[in-house]
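Tertiary structure, described
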Amino acid sequence: MGGKPALLTHREVETIFHEFGHLLHHMLSRVEIRSMAGTNVAWDFVELPSQIMENWCWERPSLDLFARHFETGEPVSGRAVPEDETRARTFRAANAQMRQLGFGFVDLLLHVRYSPETDGDVIAYTRRLIQEFSPAPLPPQHAMIAAFTHLFGSPVGYGAGYYSYKWAEVLEADAFHAVP
């Protein structure tokens, strides 16, 4: 923009690839029932194409297609992915997984078990649930649920289906690693 290079972080490139996976899913859908095209598929599949695309940000052949030094234009050198990037990718992966599992657990229990009469304040209830998945004590004012629009504010509505992100990761890993 304005003659300046787009200096993207690796995470930003990963996000672009993720969203591009959704775009490809829409563009390449060929179905008889149009309402089942693109991301209108079952929740356990909707994230698979986008998560598969994220993998290509870690592969040397795909990086060589676009990753260039902003001053010299030379391909970014190194191994498949520099070792520090690979370590960064998995740093605190267990924490991220527990966080995602906590979100799914909260979503499920809010939709199938929560009752204001027996469980009380929804913010306190969800804080107690999320605490089980957190590596550190949550502050008393923790109210993540108030801003968690995926569960209630989205026109799509997950309705106890937030776990689908984790399931899509399983499907994606199997599919990506099946490719020779």
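Anything mentioned here points back to the structure above.
This text gives an overview of the structure that appears in the document.

**Quick look at the environment of I52**
With respect to the helices, strands and loops of the structure, I52 is situated in helix 3 (residues 48-55). Considering only alpha carbons, one finds I52 and A173, 121 residues apart in sequence, at a separation of 7.6 Å. Ignoring sequence-local partners within four residues, the contact set of I52 consists of E172, A175 and F176.

**Here we look at the packing of helix 6 (residues 93-112) against helix 8 (residues 122-131)**
As a packed pair, helix 6 and helix 8 sit with axes 9 Å apart at the nearest point and diverge in direction by 140°. Between helix 6 and helix 8, the angle is such that the two are oblique. Note that helix 6 runs across helix 8; the crossing there is right-handed. Listed contacts from helix 8 to G102, F103, F105, V106, L109 and L110 of helix 6 are V122, Y125, T126, L129 and I130. Grouping the amino acids of the contact of helix 6 with helix 8 by side-chain chemistry returns 9 nonpolar, 2 polar and no charged.

**Re helix 1 (residues 10-27)**
Here helix 1 is 18 residues long and its end C-alpha atoms lie 25 Å apart, about the 26 Å a rise of 1.5 Å per residue gives. Residues of helix 1 that are buried: V13, E14, F17, H18, G21, H22 and H25. Packed against the buried residues of helix 1 are helix 2 (43-46), helix 3 and helix 4 (60-66).

**Topic: the pattern of salt bridges**
Taken as a whole and assessed by the stated rule, the structure comprises 2 salt bridges. With a closest N to O distance of 3.1 Å, E14 and R11 form a salt bridge. One end of the pair, E14, and the other, R11, are both in helix 1, 3 residues apart, so they sit about a helical turn from each other. On the accessibility criterion, E14 (11% relative accessible area) is buried. Residue R11 is classed as exposed on the basis of its relative accessible area, which comes to 53%. Measuring nitrogen to oxygen at the nearest pair gives 2.9 Å for the salt bridge that ties K166 to E169. In this pair, K166 and E169 are both assigned in helix 10 (residues 164-178), 3 residues apart and thus about one turn of the helix distant. On the basis of relative accessible area, E169 is assigned to the partly exposed category, the value being 33%.

**Considering the nonpolar core**
In summary, soluble globular proteins display a tendency toward joint burial of nonpolar side chains. Counting residues in hydrophobic clusters, the biggest one holds 13 residues, and the most contacted among them are F103, V106, I130 and F148. Looking at this core, the elements with two or more residues in it are helix 6 and helix 8. Residue contributions to this core peak at 4 residues, all from helix 6. When residues no more than four places from it in sequence are discounted, the contact partners of F148 are F103 and Y162. Listed in part, the 5 residues of the second largest apolar core include F17, M53, C57 and W58.

**Observations concerning a nonpolar patch on the surface**
A surface patch of nonpolar side chains, amounting to about 410 Å² of accessible area, comprises F20, L23, M27 and L28. Its location among the elements puts F20 in helix 1.

**Things to note about unusual backbone geometry**
The backbone phi angle of R92 is positive, close to 60°, even though this residue is not glycine. Here R92 is to be found in the loop between helix 5 (83-90) and helix 6.

The rules behind these values
- Each chain has its residues counted from 1, following the order in which its sequence is written.
- Restriction of local features to residues with pLDDT of at least 70 applies here, the model being predicted, together with a cutoff of 80 or more for giving and counting side-chain atom pairs; totals for whole chains, interfaces and linings are based on all residues.
- To get the side-chain values, take all heavy atoms of the structure and skip hydrogens and water.
- Put simply, DSSP marks the helices as runs of H or I at least four residues long and the strands as runs of E at least two long, and each gets a number from the N terminus on.
- Any two residues whose heavy atoms approach within 4.5 Å are treated as being in contact.
- What counts as an axis is a line fitted to C-alpha atoms, over the stretch in contact for a helix, and the angles between N-to-C directions run from 0 to 180 degrees.
- Angle categories: roughly parallel below 35 degrees, roughly antiparallel above 145, roughly perpendicular from 65 to 115, and oblique for all the rest.
- If you view the pair so one helix is near and one far, a crossing is left-handed when the near helix is turned anticlockwise from the far one by less than a right angle, and right-handed when it is turned clockwise.
- Three residue categories are used. Nonpolar comprises Ala, Val, Leu, Ile, Met, Phe, Trp, Tyr, Cys and Pro, charged comprises Asp, Glu, Lys and Arg, and polar comprises the others, including Gly.
- Here a helix's expected span is defined as the number of its residues, less one, multiplied by 1.5 Å.
- Burial classes: relative accessible area under 20% of the type maximum marks a residue as buried, over 50% as exposed, and values in between as partly exposed (1.4 Å probe, protein chains only).
- Every case where a carboxyl oxygen of Asp or Glu lies within 4 Å of a side-chain nitrogen of Lys or Arg is listed as a salt bridge.
- In this text, buried Ala, Val, Leu, Ile, Met, Phe, Trp, Tyr and Cys residues form a nonpolar core when linked through side-chain atoms within 4.5 Å.
- Excluding any residue in a salt bridge, patches collect residues exceeding 30% relative accessible area, merging like charges within 9 Å and nonpolar Val, Leu, Ile, Met, Phe, Trp and Tyr side chains within 5 Å.
- To measure how exposed things are, a 1.4 Å probe is used in the Shrake-Rupley method; for residues, cover is taken only from the protein chains shown.

These figures capture arrangement, not role.
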